[in-house]
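Analysis of the macromolecular model
What follows is each chain in one-letter form.
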Amino acid sequence: MKSSSGVQVETRAFGSAKFDTLLVAGTMDIAPSSSALLAFLRDAAKKSRRVGSISTGAFVLAEAGLLNGRRATTHWHFARELQRNFPHVKVEEDCIYIVDGMVWTSAGMTACIDLALALVEGDLGTEVSRAVARKLVVHSHRTGGQSQFSAFLELEPRSERIHDALNYAKKNLHLALSVEQLADVAHLSPRQFSRAFLAETGQSPARAIEKLRVETARALIEDGHSIDRVAEKAGFADPERMRRAFHRAFGQPPQALKRAARLQVAA
């Protein structure tokens, strides 16, 4: 058969084979699954150690009832559709991947690499996972709770001057990063810089820098760093200021995300 990307795929009947790990791939065109496939998945899930999906493969697991009452994710573009179609699924659209019991679900595109490396790490340990990542020429996998969105990409400045200022900010979050500093990098006066920044990104420099700090802080917290150390590295003056920023961004404090990351690792 030919896949949606045009690649020929050799297939063979599954029969009643028992799998260790069963993964359902996604597709760009979401359509109802056959009753035979859904029956197969329900039966295979009872015999397999774990079941997972990549991107919109979550729709197939949901159709089979395997996500009912569970936390799950998919590509952000389809997350709300998944929630509408399957209200018994606890869809979290802003996660790279989610582990709920024996069921793993991932976001789209490169998130499947993060999920695969997490599977390898869970089975064979960190060193093997890192060796695989090196062979793939990718970073070690991102933790599951990380956002599918990038604050840097979301800003999308049009001019090279504003882009350079944001690049400088991202590399120097430990600094105070005043408007004057950023304007100097962009070779503009503070007033010109503020106007141009708002026009190109739709945000004030202060708001954009806070987003970059929060994104960096979240990743550090999920990697196990202490709250005090994270506040310092991400450029927050103190943990209390970081706590307020997290409430604005996520509606919960850094400690809650740290606990969630520990539970994800334990799972």
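Here's a quick rundown of the structure.

Quick notes on the rules
- Residues numbered from 1 in each chain as written.
- Predicted model: local features only at pLDDT ≥ 70, side-chain atom pairs only at ≥ 80, totals over all residues.
- Heavy atoms only, no water.
- Axes fitted to C-alpha atoms, helices over the stretch in contact; angles between N-to-C directions.
- Helix = DSSP H or I, 4+ residues; strand = E, 2+ residues; numbered from the N terminus.
- Parallel < 35°, antiparallel > 145°, perpendicular 65-115°, else oblique.
- Left-handed = near helix turned anticlockwise from the far one by under 90°.
- Contact = heavy atoms within 4.5 Å.
- Nonpolar A, V, L, I, M, F, W, Y, C, P; charged D, E, K, R; others polar.
- Buried < 20%, exposed > 50% of the residue type's maximum accessible area, 1.4 Å probe, protein only.
- Patch = residues over 30% accessible without salt bridge, like charges linked within 9 Å, V, L, I, M, F, W, Y side chains within 5 Å.
- Areas by Shrake-Rupley, 256 points an atom, 1.4 Å probe, with all protein chains shown as cover.
- Salt bridge = Lys/Arg side-chain N within 4 Å of Asp/Glu carboxyl O.
- Phe/Tyr/Trp six-rings, centres within 6.5 Å; stacked < 30°, edge-to-face > 60°.

Description of the packing of helix 7 (residues 160–171) against helix 8 (residues 179–186)
When two helices pack together, their arrangement is given by the angle between the helix axes and by the axis-to-axis distance. Relative orientation of the contacting elements helix 7 and helix 8 amounts to 130°, with a least axis distance of 8 Å. When the axes of helix 7 and helix 8 are compared, the pair comes out oblique. Between helix 7 and helix 8 the crossing geometry is right-handed. The residues of helix 8 that touch helix 7, namely those facing Arg161, Asp164, Ala165, Tyr168 and Ala169, are Gln181, Leu182, Val185 and Ala186. Looking at the contact of helix 7 with helix 8, its residues break down into six nonpolar, one polar and two charged.

Brief notes about unusual backbone geometry
Peptide bonds are, in most cases, trans, and in most cases residues other than glycine have a negative phi. With phi around 55°, leucine 177 is a residue other than glycine that occupies positive phi space. Of note, leucine 177 is situated in the loop between helix 7 and helix 8. When its relative accessible area of 7% is taken as the criterion, leucine 177 is described as buried.

A few points about a nonpolar patch on the surface
Where nonpolar side chains cluster on the molecular surface, the patch consists of Leu124, Val128, Val132, Leu136 and Val138 and spans about 380 Å² of accessible area. Looking at the nonpolar patch element by element, the count peaks at three residues for helix 5 (residues 126–136). As for its placement among the helices and strands, valine 138 is situated in the loop between helix 5 and helix 6 (151–155). Exposure remark for valine 138: the relative accessible area of 32% places this residue in the partly exposed category.

Digging into the packing of aromatic side chains
What the rule picks out here adds up to four aromatic pairs. For the pair phenylalanine 59 and phenylalanine 86, a centre-to-centre distance of 6.4 Å together with 75° between the ring planes defines the contact as edge-to-face. Of this pair, phenylalanine 59 sits in helix 2 (residues 57–63) while phenylalanine 86 sits in the loop between helix 3 (76–85) and strand 4 (90–91), and the two are 27 residues apart along the sequence. By relative accessible area, phenylalanine 59 is classed as buried at 4%. Here phenylalanine 86 falls in the buried class, since its relative accessible area comes to 17%. Between tyrosine 97 and tryptophan 104 the ring centres are 6.3 Å apart and the planes differ by 20°, which places this aromatic pair in the stacked class. Considered together, tyrosine 97 and tryptophan 104 belong to a single accessibility category, that of buried residues.

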